Amino acid sequence: MSWAEKVLQIDRRWIFLAIAIAVTIPFFLPLGLPVVITPPVQSLYDAVDELEPNAAPLLLSIDYAPATLPELEPMSMAILRHCFAKDVNVVVMTLHPAGYGLAERAVLNAAEEYDAVYGEDFAFLGFQPGVSAVILGMGINVRNVFPADAYGVPVDDLPLMRGVRNYDDIPLVISLAGWSAAEAWVYYAHQPYRQTVGAGVTAVMATDFYPYLDAGQLVGLLGGMRGAAEYEGLIQHPDQGVRGMDSQSVIHLLIIVLIAIGNAAYFISRRKKTP
């Protein structure tokens, strides 16, 4: 039996095993493959980097659920690390009922890394239902929507919130969403209040947001795990995004190699059978 015939008769479970190994290894042994920084990611990074330290807070709306966590959590961690490293105050909230625990986990984990102090360096407002009503209400007065934080502490008792009344006192809003919440921030915060808005969305959603970016309605955009990896590269803190892109690159290369070998084996075996 020729090698081509052996290849065509290989048990597909070996292929599944090879793919599983290729996917897993980069998460334990990061390859650090280079990621080219694209203009939308650079623009969002610059918008955060230009914020004044220990001044008006950035508003980060973590609007994703567990289903889109692998793509969007690396973005939230990268942005939070950037803020805490630059001493930029952060207020975190969510418009998704399933995002409460994910938002809280992200901000508390990042804050622990940088010894950020709750109430002074960051705050977590939690969740309020009614997407458009929440966004529009915050444009009038944040306290109308969030009279207290997620733990019941009055907003006025949080030092970093004492000078924050509405969007006039918030230099930048970033929504990380796996659904239409990021669009809602454009519709109800940027359009009526001219609030500066940035977004991070899943890879399949990213193309829908380029018109907003080109129209100047978004200051920057992170698309999928690639966007997270780019942001991690800019802050020089490779983590989940870079490892995820390493894994994707390896598995894509393996699939190409397997397709090439399979096609070569097929045509060679077919030629030998031809009288």
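Residues numbered from 1 in each chain as written. Predicted model: local features only at pLDDT ≥ 70, side-chain atom pairs only at ≥ 80, totals over all residues. Heavy atoms only, no water.

> Before we go on, may I ask you to explain the pairing of strand β2 (residues 90-94) in this structure?
Looking down a regular strand, the side chains alternate between one sheet face and the other. When you tally the buried positions in β2, you get 5 out of 5 residues, the bulk of the element. Here β2 shows two buried faces, one formed by Val 90, Val 92 and Thr 94 and the other by Val 91 and Met 93. Judged from the 4 bridges that link them, strand β1 (residues 58-63) and β2 form a sheet pairing that is parallel. Among the inter-strand pairings, Leu 58 is bridged to a residue of β2, identified as Val 90. Relative to strand β3 (residues 122-127), β2 runs parallel, the two sharing 5 bridges. Paired with Val 92 across the two strands is Phe 124, which belongs to β3. For the handedness criterion, the β-α-β arrangement of β2, helix α5 (residues 100-114) and β3 is classed as right-handed. (Buried < 20%, exposed > 50% of the residue type's maximum accessible area, 1.4 Å probe, protein only. Helix = DSSP H or I, 4+ residues; strand = E, 2+ residues; numbered from the N terminus. Pairing = 2+ DSSP bridges. Right-handed = clockwise from strand over helix to strand, strands pointing away.)

> Explain the nonpolar core to me, please; I cannot follow it from the model alone.
One broad trend across soluble globular proteins is that nonpolar side chains are buried collectively. The biggest cluster of nonpolar side chains holds 39 residues, and the ones touching the most others in it are Leu 58, Leu 60, Leu 80, Phe 84, Val 92, Ile 174 and Tyr 231. The set of elements that each furnish at least two residues to this core consists of α3 (39-49), β1, α4 (69-85), β2, α5, β3, β4 (173-177) and α10 (224-234). Ranked by residues supplied to this core, first place goes to α4 with 9 residues. Ile 135, Ile 170, Ala 189 and Leu 221 belong to the second-largest nonpolar core, a separate cluster that totals 37 residues. (Core = buried A, V, L, I, M, F, W, Y, C linked by side-chain atoms within 4.5 Å.)

> How should I be thinking about the side chain of His 190 in this particular structure?
Examined against the element boundaries, His 190 turns out to sit in helix α8 (residues 181-193). In this structure His 190 comes out as buried when scored by relative accessible area, which is 10%. In this structure, His 190 is in contact with Trp 185, Gln 195, Val 197, Gly 216 and Gln 217, ignoring residues within four places of it in sequence. (Contact = heavy atoms within 4.5 Å.)

> Would you mind showing me how to read the sheet that holds β3 here?
What holds strands together in a sheet is hydrogen bonding between their backbones, with the strands either parallel or antiparallel. Strand order in this open sheet of 6 strands is β3-β2-β1-β4-β5-β6, and the pairing throughout is parallel. Strands with a single pairing partner mark the edges of an open sheet, and in this sheet they are β3 and β6 (221-223). Ignoring strand direction, the axes of neighbouring strands in this sheet form an average angle of 15 degrees. Pairing geometry for β1 and β4, over 5 bridges, is parallel. Directly across from Leu 60, in β4, lies its bridge partner Ile 174. Seen against the sheet, α3 touches β1, β4, β5 (197-201) and β6 and runs at an angle of roughly 130 degrees to β6. (Axes fitted to C-alpha atoms, helices over the stretch in contact; angles between N-to-C directions.)

> In this structure, what is going on with the packing of helix α6 (residues 131-140) against α8? I would like to understand it.
At a minimum axis separation of 9 Å, α6 and α8 run at an interaxial angle of 25 degrees. It follows that α6 is roughly parallel to α8 by the angle criterion. Once α6 is placed against α8, the crossing between them reads as right-handed. Where α6 abuts α8, its residues Val 131, Ser 132, Ile 135, Leu 136, Met 138, Gly 139 and Ile 140 lie against Ala 184, Trp 185, Tyr 188, Ala 189, Pro 192 and Tyr 193. Among the residues forming the contact of α6 with α8, the class breakdown is 11 nonpolar, 2 polar and no charged. (Parallel < 35°, antiparallel > 145°, perpendicular 65-115°, else oblique. Left-handed = near helix turned anticlockwise from the far one by under 90°. Nonpolar A, V, L, I, M, F, W, Y, C, P; charged D, E, K, R; others polar.)

> Would you take a moment to explain a nonpolar patch on the surface for this structure?
Taken together, Ile 10, Trp 14, Leu 17, Ile 21, Val 23, Ile 25, Phe 27, Phe 28 and Leu 29 make up a surface patch of nonpolar side chains, about 920 Å² in accessible area. Its place among the elements puts Ile 10 in the loop between α1 (3-8) and α2 (12-28). (Patch = residues over 30% accessible without salt bridge, like charges linked within 9 Å, V, L, I, M, F, W, Y side chains within 5 Å. Areas by Shrake-Rupley, 256 points an atom, 1.4 Å probe, with all protein chains shown as cover. Salt bridge = Lys/Arg side-chain N within 4 Å of Asp/Glu carboxyl O.)

> Is there a simple way to explain α4 in this structure?
Residues that lie three or four places apart on an α-helix share one face, since the helix turns once every 3.6 residues. Over its 17 residues, α4 extends 23 Å from the first C-alpha to the last, a length consistent with the 24 Å expected when each residue adds 1.5 Å. Across the 17 residues that make up α4, a large majority, 14, are buried. Asp 87 sits one or two positions beyond α4 and adopts a positive phi of about 60 degrees. (Expected span 1.5 Å × (residues − 1).)

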